[in-house]
Amino acid sequence: MSAVMIPKKSTRKWEKLPGKNTFCCDGRVMMARQKGVFYLTLFLIMGTCSLFFAFECPYLAVHLSAAIPVFAVVLFLFVMAMLLRTSFSDPGVLPRALPEEANFIEMEIEAANGNVPAGQRPPPRIRNVQINNQIVKLKYCYTCKIFRPPRASHCSICDNCVDRFDHHCPWVGNCVGKRNYRYFYLFTLSLSLLTIYIFTFDIVHVVLRSVDSGFVNTLKETPGTVVEVLVCFFTLWSVVGLTGFHTYLISLNQTTNEDIKGSWSGKNRIQNPYSHKNIIKNCGEVLCGPTYPSVLDRRGLMPEEPSVSTPGASDATATTNTAVPPNTKTTAPLIPNEHTPDEAKPSIATATASIPTEEKPSSPRDFSPKIGPAPIVVKESAH
Ligand SMILES: [Zn+2]
Ligand SMILES: [Zn+2]
């Protein structure tokens, strides 16, 4: 008898990621868990376009121009490409802290805050950084155990912190954030054009055909036209309005989240530190700025064996001078974003004010903070 060696199936990191996302195609596609409204979006777009291609296009191609259906097909394909690109991609999810890092951050926050008398609330976990002469608050995420980089926020539906979080969009079945915002905007823009296009040529078709065979006969011959006109009419207001709203936000370099919270207006009276004060520059940065790689490493392989837990590892002091081997990481390192001032980068994940440098333990990711918590004066020349 010979023992048969069964190869152990390797686990990809997406299978172990926390949060409420769903994955398919072995981690290549990433979406929110609730997808019902996304399927409705697909149904409405594909259904309306199919009716247009079936009922109006043959008549319009013969009586007006063959370019009408051709342009409709190009626009339809562009809309679908932008929709799927927005829906299936990582919107900019930030990896959660590893247990060792979470322990380390907790320990340092407690050390920085000192002993809070019983019955008193501990101070809020906030760090201040200065960006373009404006003080920006970085909040601690109790779920992800990180100080969120500037403009990041936690999506309660996906249960993840997302960089440059705009909003969670059920229509595209995904968060809209730093990595898919421009595709979301191009989707709304092209869908507006497609809706106007189909609506206009529906009307043109009815008028032309009514001259030949009468209005009532036209509607009887092409029953799809009525459905299309109704769908396009109600879609027009919402989609064109949404596109206008996002054009306004882009011109100010502002997110929906910041707009709703009134981050740069109202009671806070803080100027938007990310705006270039120039519409062209703001549009250029949002729509043509650099694209950012995903920091989740979804398709990376998990280490073969789980790391052996060190006795006393739950004790925060046990992390002193203990570097975590790279292959035990479940996520990429905590990466400060492009708005994070250089001087603040090491201190965002660690509160360091009251700990003398010699006594500071090393972070598992080897942060070696050298500066106090805030405000950190930085002139952000990149903006
Ligand atoms: Zn979070
Ligand atoms: Zn979300």
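Since we're looking at a predicted model, the values are computed, not measured.

### Brief notes about the pairing of strand β1 (residues 21-24)
On a regular strand, each side chain points to the face opposite its neighbour's, so the side chains alternate between the two faces of the sheet.
Moving on, step 1. Direction of pairing for β1 relative to strand β2 (residues 29-32): antiparallel, over a ladder of four bridges. For threonine 22, the partnering residue across the bridge sits in β2 and is methionine 31.
Moving on, step 2. Here β1 folds back onto β2, and the loop between the two strands holds four residues, one of which, cysteine 25, carries a positive phi near 55 degrees.

### A short note on the sheet that holds strand β8 (residues 160-162)
Moving on, step 1. Here we have three strands laid out as an open sheet, ordered β3-β8-β7, and antiparallel in their pairing. The two strands at the open ends of the sheet, each matched to only one other strand, are β3 (93-94) and β7 (153-155).
Moving on, step 2. Where β3 and β8 come together, two bridges link them in antiparallel fashion. Across the sheet, residue valine 93 finds its bridge partner in β8, namely valine 162.

### Some words on unusual backbone geometry
Where the residue is not glycine, phi is negative for most of them; where a peptide bond is considered, it is trans in most cases.
Moving on, step 1. Although it is not a glycine, cysteine 25 adopts a positive phi angle of roughly 55 degrees.
Moving on, step 2. By the element assignment, cysteine 25 lies in the loop between β1 and β2.
Moving on, step 3. C-beta crowding within 10 Å serves as the criterion here: with 9 such atoms nearby, cysteine 25 is assigned to the exposed category.
Moving on, step 4. The backbone of lysine 277 shows a phi angle near 60 degrees, a positive value even though the residue is not glycine.
Moving on, step 5. Tracing the backbone shows lysine 277 in the loop between α7 (256-261) and α8 (279-288).

### Description of helix α2 (residues 67-87)
Moving on, step 1. Taking 1.5 Å per residue, 21 residues should reach 30 Å; α2 reaches 30 Å between its end C-alpha atoms and fits that length.
Moving on, step 2. Along α2, the residues classified as buried are Ile68, Ala72, Phe76, Val79, Met82, Leu83, Thr86 and Ser87. Burial along α2 is one-sided: seen end-on, the buried residues are contained in an arc of 135 degrees. For α2, the exposed residues lying more than 90 degrees away from the buried face are Ala67, Val70, Val74 and Leu77.
Moving on, step 3. Of the surrounding secondary structure, the elements contacted by the buried residues of α2 are β2, α1 (36-63), β10 (174-176) and α4 (181-213).

### Details of the packing of α1 against α2
When two helices pack together, their arrangement is given by the angle between the helix axes and the distance between those axes.
Moving on, step 1. Relative to each other, α1 and α2 sit at 170 degrees, their axes nearing to 10 Å. Relative to α2, the element α1 is oriented roughly antiparallel. Across from Phe38, Thr41, Ile45, Cys49, Phe52, Phe53, Cys57, Leu60 and Ala61 in α1, the residues of α2 making contact are Ile68, Pro69, Ala72, Phe76, Val79, Leu83 and Ser87.
Moving on, step 2. Per-class residue counts for the contact of α1 with α2 are 14 nonpolar, two polar and no charged.

### So, the UniProt feature "transmembrane region" (unreviewed entry) in the chain
Moving on, step 1. Annotation from UniProt places "transmembrane region" (unreviewed entry) at residues 37-55, 61-84, 183-208 and 228-251.
Moving on, step 2. Strand forms 0% of residues 37-55 and helix 100%; the C-alpha atoms that close the span are 27 Å apart.
Moving on, step 3. Annotated as residues 183-208, this span is 100% helix and 0% strand, and its ends, taken at the C-alpha atoms, are 37 Å apart.

### Examining α4
Moving on, step 1. In this model α4 runs 47 Å from its N-terminal to its C-terminal C-alpha over 33 residues, within 8% of the 48 Å that 1.5 Å per residue would give.
Moving on, step 2. With its phi angle positive at about 90 degrees, glycine 214 sits one or two positions after the end of α4.

The rules behind these values
Residues numbered from 1 in each chain as written. Chains lettered and ligands numbered in written order. Predicted model: local features only at pLDDT ≥ 70, side-chain atom pairs only at ≥ 80, totals over all residues. Pairing = 2+ DSSP bridges. Helix = DSSP H or I, 4+ residues; strand = E, 2+ residues; numbered from the N terminus. Buried ≥ 20, exposed ≤ 12 C-beta atoms within 10 Å, placed from the backbone. Expected span 1.5 Å × (residues − 1). Arc of directions from axis to C-beta. Contact = placed C-beta atoms within 7 Å. Axes fitted to C-alpha atoms, helices over the stretch in contact; angles between N-to-C directions. Parallel < 35°, antiparallel > 145°, perpendicular 65-115°, else oblique. Nonpolar A, V, L, I, M, F, W, Y, C, P; charged D, E, K, R; others polar. UniProt positions renumbered as here; feature names shortened; annotations may be inferred.

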